[in-house]
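Spelled out, the chains give:
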Amino acid sequence: GEDGPTHQPIENTAGLRYIPNMDVWRPSDETEVAVAWVAAVERKDGPSSLVLSRQGIPGRKHETADFEGIRKGAYVLSEAEGGAADVIIIATGSEVDLAVKAQEELKADGVKARVVSMPSTNVFDRQDQAYKDSVLTPGVKRVSVEAGVTDFWRKYVGLEGGVVGIDTFGESAPGGVLMKHFGFTVENVVKTVKSVL
């Protein structure tokens, strides 16, 4: 098929993140790519990896404040209506757009979701606790969305949170068909969110 196991490296990004002193960036749009590139070029104390999608990803308009948040590895991309979230959806790379669409669907069902884009878990982990708590509010349920192994995300969502990911090796079919097969749909993200509330 046009998209098979060799194009679904579900374990590679998590593996890179576990390499000591490696900064791994998985940006979700051209702005995040630019910030990640600058951070990688300016970094003098270790290597960086940029994990880029081969899919076409929709761009989005960023506020100036987003640049600092991107540079910190994670930021609130889209706040819950009213500011008090029932759930936080954490996403990276091409799955960020899916998280934003799920947020809209949840809003129609009366669920207030915050969407956090986390282009670099390594960089985010180095931030002070106050910043981390401002992005991932303690006590609020969390769901992560990434086309990769699920276990990695337990450090952010906990055992009571939800993870939309892939724990089997690839299948051969067109990319869109495979995303649906692996549960990367608005419906499945919404279902996963509701299962943790």
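For the structure itself, look to the data block above.
Every value quoted in this text rests on a predicted model; they were computed, and no experiment measured them. (Residues numbered from 1 in each chain as written. Predicted model: local features only at pLDDT ≥ 70, side-chain atom pairs only at ≥ 80, totals over all residues. Heavy atoms only, no water.)

### Section: the overall build of the protein
Moving on, step 1. Looking only at helices and strands, the protein features 9 helices and 7 strands.
Moving on, step 2. Taken against the 2.2 N^0.38 rule, which gives 16 Å for 197 residues, the C-alpha radius of gyration of the protein at 16 Å falls within 12% of a compact globule.
Moving on, step 3. Along the longest, intermediate and shortest principal axes, the C-alpha atoms of the protein span 45 × 45 × 30 Å.
Moving on, step 4. A sequence separation of at least 24 residues applies to 73% of the contacts in the protein between residues at least 6 apart.
Moving on, step 5. Per element, the accessible surface of the protein, about 9600 Å² overall, is 54% carbon and sulfur.
Moving on, step 6. In the protein, 22 positive and 29 negative side-chain charges are present, and the distance between their average locations comes to 2 Å. (Helix = DSSP H or I, 4+ residues; strand = E, 2+ residues; numbered from the N terminus. Rg over C-alpha atoms; globule rule 2.2 N^0.38 Å. Contact = heavy atoms within 4.5 Å. Areas by Shrake-Rupley, 256 points an atom, 1.4 Å probe, with all protein chains shown as cover. Lys, Arg positive; Asp, Glu negative; His and termini not counted. Charge placed at Lys NZ, Arg CZ, Asp CG, Glu CD.)

### Quick word on the pattern of salt bridges
Pairing between side chains becomes possible if they bear opposite charge and their charged atoms approach one another.
Moving on, step 1. Counting across every chain of the model gives 14 salt bridges.
Moving on, step 2. One salt bridge connects Lys-107 with Glu-81, and the closest N-O pair in it is separated by 3.1 Å. In this pair, Lys-107 is assigned in helix α4 (residues 96–108) and Glu-81 in the loop between β3 (75–78) and β4 (87–91), connecting sequence segments 26 residues apart.
Moving on, step 3. In this structure, Lys-194 and Asp-109 form a salt bridge, with 2.7 Å as the shortest nitrogen-oxygen distance. On the criterion of sequence distance, the pair formed by Lys-194 in helix α9 (residues 186–196) and Asp-109 in the loop between α4 and β5 (113–117) is long-range, its members being 85 residues apart.
Moving on, step 4. Accessibility expressed as a relative area gives 43% for Asp-109, which makes it partly exposed.
Moving on, step 5. Taken together, the shared-partner salt bridges in this structure form one network comprising Arg-17, Arg-26, Glu-95 and Glu-146. (Salt bridge = Lys/Arg side-chain N within 4 Å of Asp/Glu carboxyl O. Buried < 20%, exposed > 50% of the residue type's maximum accessible area, 1.4 Å probe, protein only.)

### Here we look at the sheet that holds β3
Moving on, step 1. Strands sit in the order β3-β5-β4-β6-β7 across an open sheet of 5 strands; the sheet is mixed. Each edge of the open sheet carries a strand with a single partner, namely β3 and β7 (162–164). Shown here is a sheet whose adjacent strand axes are inclined to one another by a mean of 30°, direction ignored.
Moving on, step 2. With 3 bridges joining them, β3 and β5 adopt antiparallel strand pairing. Of the residues in β5, the one forming a bridge with Val-76 is Val-116.
Moving on, step 3. Across the sheet, α4 touches β3, β4, β5 and β6 (141–145), and the angle it forms with β5 is around 175°. (Pairing = 2+ DSSP bridges. Axes fitted to C-alpha atoms, helices over the stretch in contact; angles between N-to-C directions.)

### A word on the pairing of β4
Looking along a regular strand, one sees side chains alternate from face to face of the sheet.
Moving on, step 1. In terms of burial, β4 is a largely internal element, 5 of the 5 residues being buried.
Moving on, step 2. The two faces of β4 match: Val-87, Ile-89 and Ala-91 on one face and Ile-88 and Ile-90 on the other face are all buried.
Moving on, step 3. Alignment of β4 against β5, held across 5 bridges, turns out to be parallel. For Ile-89, the partnering residue across the bridge sits in β5 and is Val-115.

### Quick look at the packing of α4 against α9
What describes two packed helices is the angle between their axes and the distance between those same axes.
Moving on, step 1. It is the contact of α4 with α9, at a shortest axis distance of 9 Å, that shows an interaxial angle of 65°. Pair α4 / α9 crosses with right-handed handedness. Of α9, the residues touching α4 (which contributes Leu-98, Lys-101, Ala-102, Glu-105 and Leu-106) are Val-186, Val-189, Val-190, Val-193 and Lys-194.
Moving on, step 2. Class assignment for the residues of the contact of α4 with α9 results in 7 nonpolar, no polar and 3 charged. (Left-handed = near helix turned anticlockwise from the far one by under 90°. Nonpolar A, V, L, I, M, F, W, Y, C, P; charged D, E, K, R; others polar.)

### Notes on the packing of aromatic side chains
Any two aromatic rings considered together are summarised by their centre-to-centre distance and by the angle between their planes.
Moving on, step 1. Applying the stated criterion across every chain yields a total of 6 aromatic pairs.
Moving on, step 2. Each ring, one from Phe-124 and one from Tyr-131, has its centre 6.4 Å from the other, and the planes form 65°; the classification is edge-to-face.
Moving on, step 3. With a relative accessible area of 15%, Tyr-131 lands in the buried category.
Moving on, step 4. Both rings, one in Phe-152 and one in Trp-153, keep their centres 5.4 Å apart while their planes meet at 85°; by these two values the pair is edge-to-face. Of the two residues, Phe-152 and Trp-153, both sit in the buried class.
Moving on, step 5. By the ring-pair criterion, three or more aromatic residues cluster together here, those being Tyr-18, Phe-124, Tyr-131, Phe-152, Trp-153 and Tyr-156. (Phe/Tyr/Trp six-rings, centres within 6.5 Å; stacked < 30°, edge-to-face > 60°.)

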